[in-house]
Amino acid sequence: MQAIDPRTPLRNSTSFGQSAPAWRAPLLGRSLRTLAGVTLGALLALAELVFLVGCGLGLVPIVAVPRSRRAVLGLTHRCARQLAGLERRRLAAFHDVHDLGPYGARQAFGYVARRWPLGLFGGLVVLVLVFGLAVAGSMLSAWIFGGTWGFIEEDGGRVSTATIAVAAIPGLVLLYLNVMGIAGVSQLDAALARRHLTPSTEDVLAQRVSELTLSRTEVVQVVNDERRRIERDLHDGVQQRLVALGLLLSRARRSRDPDRAADLVRQAHEESEQALADLRDVAWRVYPTVLDQLGLEDVVRVLAERSSIPVTLSYDLPTRPPAPVETAVYFVISEALTNATKHSGAERIRITVQATAPAAAFGFTPATEPTSVVVTVTDDGRGGADPRGRGLTGLAGRVAAYDGTFTIDSPPGGPTTIRAELPCE
């Protein structure tokens with residue numbers, strides 16, 4: 001599955017007539033890349049065979065001097081990891097295999113020990129292809145320019161049109177089989193690497209359980225922090241204003257001066273309006289109900305307008321993401337704006353909300369359904385943000401609860417960039 005460049009507008013459309021040349025050139029390019037990858041794999045197979053022969057010879061010092069076992073095995077595992085690393089880069093560059101790793105030294109050695117016959121077979125297939133093309137080229141050259149060809153004894157070795165016609169059909173069949181052989185070697189190469197250079201099912205499950213346990217702990221911590229913040233906002237804001245409101249009304253009731261009582265009632269009315277505004281702010285920070293009514297874009301624009309630092313907003317989502325994703329995106333932007341306002345000393349903030357989507361089938365029609373939402377908040381402040389701070393840690397836990405990724409880049413001197421990617425599936 002291939003991701004569209006986030007800078008490319010997802011709403012653009014491509015006509016059928018214009019897309020035909022677009023896939024022919026990539027097809028030729030992919031074919032040449034596959035051929036180059038199989039050829040390089042054959043060269044690496046020779047190195048792997050030499051390595052395995054050296055490992056066999058390395059058993060001699062182990063038998064003679066058992067104490068050398070650790071050193072020999074350490075050297076063997078390091079070399080195996082180096083060769084597996086080269087294979088991993090080759091598969092990523094030429095065969096678009098990017099899901100390998102992590103793997104251990106034993107896995108790398110097992111992969112190298114099993115991979116070299118396939119690599120040599122791929123080299124043999126490439127040699128057969130080169131030989132067949134050379135033969136076909138020499139025949140065509142002799143036919144076009146009137147030369148002689150050494151494998152034909154009649155007519156002085158000259159190649160006739162009938163000879164070309166007879167040789168064309170089996171030659172094309174052999175060429176097709178050879179090309180399919182190269183493609184098959186490429187697929188087997190990728191399958192073998194995925195089998196030996198990826199974590200086992202038990203390792204994946206253990207890692208997943210560990211991530212879920214950590215995510216659950218972080219979510220509980222986030223909930224507790226939210227409760228403390230709500231209690232603090234209510235105690236320091238709304239509760240204080242309600243106390244002041246009660247005192248003003250009490251003084252107005254005891255006052256014998258009508259003008260004084262009216263002034264106190266006016267102050268109490270203003271205090272009640274401010275308390276109501278504070279209560280709305282607290283409720284907004286808990287969960288903005290307008291998010292369900294207006295959608296993410298309008299709510300994010302409200303956040304940008306309410307910020308005391310000028311905000312540049314770039315919003316490019318083709319459709320509304322799911323409600324949990326909208327909520328997580330809202331809190332990421334809200335917390336990032338709060339942190340930037342309190343600590344960064346920034347003069348400008350840039351917010352980008354984009355989507356990543358799967359590539360359209362055959363490149364004829366653009367994909368419209370996003371697979372994930374990417375949020376980036378960048379400020380030009382002093383930098384040096386602490387990822388272990390309460391607010392950023394809470395954001396990381398909130399994003400992790402949705403199986404998303406959260407990164408912070410804040411070198412001293414700035415700028416600070418907070419990026420979160422949340423899957424929509």
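About the criteria used
- The written sequence of each chain sets the order in which its residues are numbered from 1.
- Selection of residues for local features in this predicted model requires a pLDDT of at least 70, selection of side-chain atom pairs for listing and counting requires 80 or more, and totals for whole chains, interfaces and linings are taken over all residues.
- Side-chain metrics in this entry use all non-hydrogen atoms of the structure; hydrogen atoms and water are not considered.
- Helical segments are the DSSP runs of H or I of at least four residues, strand segments are the runs of E of at least two, and each set is numbered from the N terminus.
- In what follows, residue pairs with any heavy atoms lying within 4.5 Å of each other are defined as contacts.
- The accessible surface values rely on the Shrake-Rupley method and a 1.4 Å probe; as for residues, cover is taken only from the protein chains in view.
- Type-normalised accessible area, obtained with a 1.4 Å probe on protein chains alone, sets the label of each residue: buried when under 20%, exposed when over 50%, and partly exposed for intermediate values.
- Strand pairing follows a simple DSSP-based rule, namely that at least 2 bridges must link the two strands.
- Scored between 0 and 100, pLDDT is the confidence that the predictor attaches to each residue.
- Among buried residues, the Ala, Val, Leu, Ile, Met, Phe, Trp, Tyr and Cys ones that are joined through side-chain atoms within 4.5 Å form a nonpolar core.
- By this rule the span expected of a helix is its residue count minus one, scaled by 1.5 Å.
- Helix axes use the C-alpha atoms of the stretch in contact, all axes being lines fitted to C-alpha atoms, and the angles between their N-to-C directions lie in the range 0 to 180 degrees.
- Here the word oblique covers every angle except those under 35 degrees (roughly parallel), over 145 (roughly antiparallel) and from 65 to 115 (roughly perpendicular).
- Residue polarity follows a fixed list, in which Ala, Val, Leu, Ile, Met, Phe, Trp, Tyr, Cys and Pro are nonpolar, Asp, Glu, Lys and Arg are charged, and the others, Gly among them, are polar.
- Patch definition: residues with relative accessible area over 30% and no salt bridge; like charges joined within 9 Å; nonpolar side chains (Val, Leu, Ile, Met, Phe, Trp, Tyr) joined within 5 Å.
- A side-chain nitrogen of Lys or Arg and a carboxyl oxygen of Asp or Glu constitute a salt bridge if their distance falls within 4 Å.
- Pairing of N or O atoms within 3.5 Å defines a polar contact, subject to two protein rules: one partner must be a possible hydrogen donor and the other a possible acceptor, and residues neighboring in sequence count only if both atoms are side-chain atoms.
- Side-chain rings of Phe, Tyr and Trp (the six-membered ring for Trp) are treated as a pair once their centres are within 6.5 Å; stacked means planes under 30 degrees apart, edge-to-face means over 60, and tilted covers the remaining angles.
- Lining residues are those with an atom within 4 Å of a point, where the points come from a 1 Å grid over the protein atoms alone and group into cavities, where a 1.4 Å probe fits but cannot get out, or pockets, open sets with protein on both sides within 12 Å along at least five of seven lines.
- Grid points are joined across faces, edges and corners, and a volume is the space filled by probe spheres set on the points.

**Let's talk about the overall build of the chain**
The number of helices and strands found in the chain is 10 helices and five strands. Restricting the contact set of the chain to residue pairs at least 6 apart, pairs at least 24 apart contribute 73%. Counting every atom, the chain has about 25,700 Å² of accessible surface; 61% of that belongs to carbon and sulfur.

**Remarks on unusual backbone geometry**
Phi angles above zero are rare outside glycine, and Asp96 is one such case at about 55°. Secondary-structure assignment places Asp96 in the loop between α2 (69-94) and α3 (105-145). What makes Asp96 partly exposed here is its relative accessible area of 43%.

**Here we look at the pairing of strand β4 (residues 405-409)**
Bridge count between β4 and strand β5 (residues 416-423): five bridges; the pairing is antiparallel. In the sheet register, Asp409 faces β5, and the bridge partner there is Thr417. Counting the residues in the hairpin turn of β4 and β5 gives six residues, including Gly413, whose phi is positive at 95°.

**Some thoughts on the confidence of the model for the chain**
Put simply, the chain has an average pLDDT of 78, and 80% of its residues get 70 or more. Looking at the elements of the chain, mean pLDDT is at its lowest for helix α7 (residues 290-294), recorded as 74, and at its highest for strand β3 (residues 372-379), recorded as 89. Every residue in residues 1-25 scores below 50 in pLDDT, and together they form 31 contacts with partners more than four places removed in sequence or on other chains. Across residues 359-367, where pLDDT falls below 50, the model places 16 contacts with residues more than four positions away in sequence or in other chains.

**Considerations on the nonpolar core**
Leu296, Val329, Ile333, Ile349, Ile351 and Val373 are the most contacted members of the largest nonpolar core, which totals 36 residues. Residue assignment for this core shows that the elements contributing at least two residues are α8 (296-306), β1 (311-316), α9 (323-344), β2 (349-356), β3, α10 (390-400) and β5. The contacts of Leu296, once residues within four sequence positions are left out, are Leu291, Tyr315, Leu317, Pro321, Glu326, Val329 and Tyr330. Core analysis: the second largest hydrophobic core is formed by 24 residues, Leu100, Val126, Ile182 and Leu197 among them.

**Quick word on α9**
Taking 1.5 Å per residue, 22 residues should reach 32 Å; α9 reaches 30 Å between its end C-alpha atoms and fits that length. Within two residues after α9, Gly345 carries a phi angle of roughly 65°, on the positive side.

**Focus: the packing of α8 against α9**
Close contact between α8 and α9 brings their axes to 11 Å; oriented N to C, the two are set at 10°. Taken together, the axis directions place α8 and α9 in an arrangement best described as roughly parallel. For the pair α8 and α9, contact is made by Leu296, Val299, Val300 and Leu303 and by Glu326, Val329, Tyr330, Ile333, Ser334 and Leu337, respectively. For the contact of α8 with α9, the residue count by class is eight nonpolar, one polar and one charged.

**Quick notes on a nonpolar patch on the surface**
On the surface, a cluster of nonpolar side chains totalling about 990 Å² of accessible area is made up of Leu133, Ile169, Leu172, Val173, Leu174, Leu175, Tyr176, Leu177, Val179 and Met180. Sorting elements by how many residues they give to the nonpolar patch places helix α4 (residues 161-196) first, with nine residues. Tracing the sequence through the fold places Met180 in helix α4. When its relative accessible area of 40% is taken as the criterion, Met180 is described as partly exposed.

**Thoughts on the side chain of Asp189**
Inspection of the secondary structure assignment puts Asp189 in helix α4. Taking the relative accessible area as the measure of exposure, Asp189 reaches 2% and is therefore buried. A polar side-chain atom of Asp189 sits 2.5 Å from a polar atom in the side chain of Arg90. The contact partners of Asp189, leaving out residues within four places of it in the chain, are Arg90, Leu91, Tyr111, Arg115 and Leu118.

**Considerations on the packing of aromatic side chains**
This structure, assessed with the given rule, holds two aromatic pairs. For the ring pair Phe51 and Phe109, a centre distance of 6.1 Å and an interplane angle of 75° mean the geometry is edge-to-face. You can see Phe51 sitting in helix α1 (residues 16-64) and its partner Phe109 sitting in helix α3, a full 58 residues away along the chain. When its relative accessible area of 12% is taken as the criterion, Phe51 is described as buried. An angle of 70° between the planes, with centres 5.1 Å apart, marks the rings of Tyr330 and Phe331 as edge-to-face. Each member of the pair, Tyr330 as well as Phe331, is classed as buried.

**Section: empty space enclosed by the protein**
One pass over the full model with this rule turns up one cavity of 30 Å³ or more. Here the largest cavity is characterised by a volume of approximately 30 Å³. Around the largest cavity, the lining residues are Val38, Gly41, Arg90, Arg115, Leu118, Gly119, Gly122, Val185 and Asp189. Counting only elements with at least two residues in the lining of the largest cavity, the list comes to α1, α3 and α4. With four residues, the top contributor of residues to the lining of the largest cavity is α3. Considering only residue class, the lining of the largest cavity consists of three nonpolar, three polar and three charged.

**Focus on the pattern of salt bridges**
Following the criterion strictly, the structure yields 13 salt bridges and no others. In this structure, Arg266 engages Glu270 in a salt bridge whose closest nitrogen and oxygen atoms are separated by 3.0 Å. With Arg266 and Glu270 both in helix α6 (residues 258-286), this residue pair falls four residues apart, about one helical turn. Accessibility expressed as a relative area gives 42% for Arg266, which makes it partly exposed.

**Notes on the pairing of β5**
By the alternation rule, side chains of β5 split into Thr416, Ile418, Ala420 and Leu422, which are all buried, and Thr417, Arg419, Glu421 and Pro423, of which none is buried. Sheet analysis places β3 next to β5, joined by eight bridges and oriented antiparallel. The residue bridging Val377 from the neighbouring strand is Ile418, located in β5.

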